[in-house]
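Residue-level structure breakdown
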Amino acid sequence: MARILQVVAPLLLLLLPTGLRELLSPTTTIDHQPSEGAANGGGTTTGGGEVLLHPLVLVPGLTCNELEARLTDAYRPSVPRCGAMKGKGWFGLWANCSDLPAHHYVQCFIEQMTLVYDPAANDYRNLPGVETRVRGFGSSRGFQRNPEHTTWCFEVLRHELEKAGYRDGDTLFAAQYDLRYAPPVPGQSSEVFSHYFRRLTRLIEDASEKNENKKVILFGHSFGGMVALEFVRSTPMSWRDRYIKHLILVAPVLAEGLVQTLQYFVSGSDLMYIPTVTQLALTLRPMWRSFESSIVSFPSPAVFGDRPLMVTARRNYSAYDVEDLLADIGFGAGVEPFTRRAVPKMSSFQAPMVPTTCINGVGNNDTPEQLVYWDGDFDVEPEIVYGDGDNTINLISMLAFDEKMRRQPEQNKLYKSIKLHGAEHGTIVTEDWALKRVMQEILEANRI
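For the structure given in this document, a descriptive report is provided here. If you're wondering where the values come from, they're calculated on a predicted model, not measured in any experiment.

Moving on to the overall build of the protein. A count of helices and strands for the protein gives 16 helices and 16 strands. Taking all 448 residues of the protein together, 57% fall into the buried category. Partitioning the intrachain contacts of the protein with sequence separation of at least 6 by distance along the chain shows that 75% fall at a separation of at least 24. Only carbon and sulfur atoms are counted for the fraction: they give 53% of the accessible area of the protein, which is about 18600 Å².

Structure, rendered in structure tokens:
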């Protein structure tokens, strides 16, 4: 009886009857945040002696990736100062964002970061004359430093990994990517991600060879979880069997979608922090809307159904109404790339068929579930109705992904779902108690 109560009590806390079947699965575990003052031992080991480390490749969240740009003669700046770097080689485009206002470069930054959708190729590209590349690829020290959250971007995780014996360039690596694009699903083209997947393939093969041909653990957080998952799916099964030891997804952004992406797209996002810029979200909104990554995680109708996700006095919008929404907010140009690039992702699912652990935060009842723009003013922040999740990703999406993974019998044997009650999306890899659990899974993946 005591054992039954131990299992059922955490589930009752979630108060989500529709998800009980998934949460009762033997491959799901629910951990709770320790109460204040409680013992929080365990460190970064799980017992059982020394761990023989497998190489580990980190795939970061969206804004942790730095970009460099080079302007060619084909570039036609909107104002003369935006052409100041033409012909002067590579420079940090999305790197030290605190310099942008000081050099009156915000307008130029927006212009040079903006993508253009090419309907003939069904792909995205830079503006003519703007060339870009990712900075720091391969190194776990090559991430963007978020000025508002200096511990983000694997800074704390890297220190814990180093304490466990990992070393940058030896057993620890990273695979930075262009944050503006999104990984393709089968049947889609992506010039940028095709190149990235080739680089990541070589990085994993080299890491394995450098470590006596050990298999590699691939670790993705947030949007990096989507990137890592789609990469594994894109590789031949024989290659996965040879090189992938374990896939660890922590708070992954999923094709099942999340409501917060609608808010960012409609009213703008302040994720790309630039100090001293007034009305930051609105200022950067045109640039943000041009990114493929801004539309790929809109809520999926198969998961969210016809429930109203956005409410105005004139009409409600469900996941089925996104095309109408894009037109009504004055961005009809986004309808074609949404239907041709994002919608296929919602309906495409292929199990990675490698040992996979998915770690999510739950129990945060401040996760956007419905957006209310009652007077129809999309330039202001909406009133928000909150529900369960990790304060970014909705619980319903996590459970839908779990169900898909378990539906494939062979993948189900290789799948482990962990729900950390009280963990938040951004701090799940920084907050001590949650990070300990993440480290435990990394070390466990080394032992299995």
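Here the narrative resumes.
Before going further, it helps to examine the packing of aromatic side chains. Within this structure, the stated rule accounts for 23 aromatic pairs. Ring centres 6.0 Å apart and planes at 50 degrees place the aromatic pair tyrosine 196 and phenylalanine 197 in the tilted group. What links up through ring pairs into an aromatic cluster is the set Phe137, Tyr177, Phe193, Tyr196, Phe197, Phe223, Phe231, Trp239 and Tyr243. Residue placement shows arginine 199 over the ring face of phenylalanine 137; its charged tip is 4.1 Å from the ring centre. Positioned over the ring face of tyrosine 243 is arginine 242, at 4.4 Å from the centre of the ring.

Take the packing of helix α5 (residues 155-163) against helix α16 (residues 432-447) next. Between α5 and α16, whose axes approach to 11 Å, the crossing angle comes to 50 degrees. Our classification of the angle between α5 and α16 gives oblique. Judged by the twist between their axes, the crossing of α5 over α16 is right-handed. Two secondary-structure elements touch here, α5 through Val156, Leu157, Glu160 and Leu161 and α16 through Leu435, Met439 and Ile442.

The subject of this paragraph is the sheet that holds strand β2 (residues 56-59). One open sheet accounts for seven strands, arranged β1-β16-β13-β10-β9-β2-β8; its pairing is parallel. A single partner strand is all that each edge strand has here, and the edge strands are β1 (28-32) and β8 (172-174). Recorded for the sheet is a direction-independent mean angle of 20 degrees between the axes of neighbouring strands. Here seven bridges tie strand β13 (residues 356-362) to strand β16 (residues 415-421), and the two strands are oriented parallel to one another. Each bridged residue has a counterpart across the sheet, and for asparagine 360 the counterpart in β16 is lysine 419. Most of the contacts of helix α7 (residues 223-234) go to strand β9 (residues 216-221), to which it runs at about 140 degrees, and overall it touches β2, β9 and β10 (244-250).

We now examine the sheet that holds strand β4 (residues 91-94). Backbone-to-backbone hydrogen bonds pair the strands of a sheet. The strands run either parallel or antiparallel. Strand order in the open sheet made by the three strands is β4-β3-β7, with antiparallel pairing throughout. Each of the sheet's edge strands pairs with one partner strand only, and the pair in question is β4 and β7 (130-134). Across the sheet, the axes of successive neighbouring strands diverge by a mean angle of 40 degrees, strand direction being ignored. Where strand β3 (residues 67-71) and β4 come together, three bridges link them in antiparallel fashion. Bridging across to β4, glutamate 68 finds its partner in glycine 92. Contacts from helix α4 (residues 106-113) reach β3, β4 and β7 within the one sheet, and its direction differs from that of β4 by about 80 degrees.

Criteria and thresholds
Residues numbered from 1 in each chain as written. Predicted model: local features only at pLDDT ≥ 70, side-chain atom pairs only at ≥ 80, totals over all residues. Heavy atoms only, no water. Helix = DSSP H or I, 4+ residues; strand = E, 2+ residues; numbered from the N terminus. Buried < 20%, exposed > 50% of the residue type's maximum accessible area, 1.4 Å probe, protein only. Contact = heavy atoms within 4.5 Å. Areas by Shrake-Rupley, 256 points an atom, 1.4 Å probe, with all protein chains shown as cover. Phe/Tyr/Trp six-rings, centres within 6.5 Å; stacked < 30°, edge-to-face > 60°. Lys NZ or Arg CZ within 6 Å of the ring centre and 35° of its normal. Axes fitted to C-alpha atoms, helices over the stretch in contact; angles between N-to-C directions. Parallel < 35°, antiparallel > 145°, perpendicular 65-115°, else oblique. Left-handed = near helix turned anticlockwise from the far one by under 90°. Pairing = 2+ DSSP bridges.

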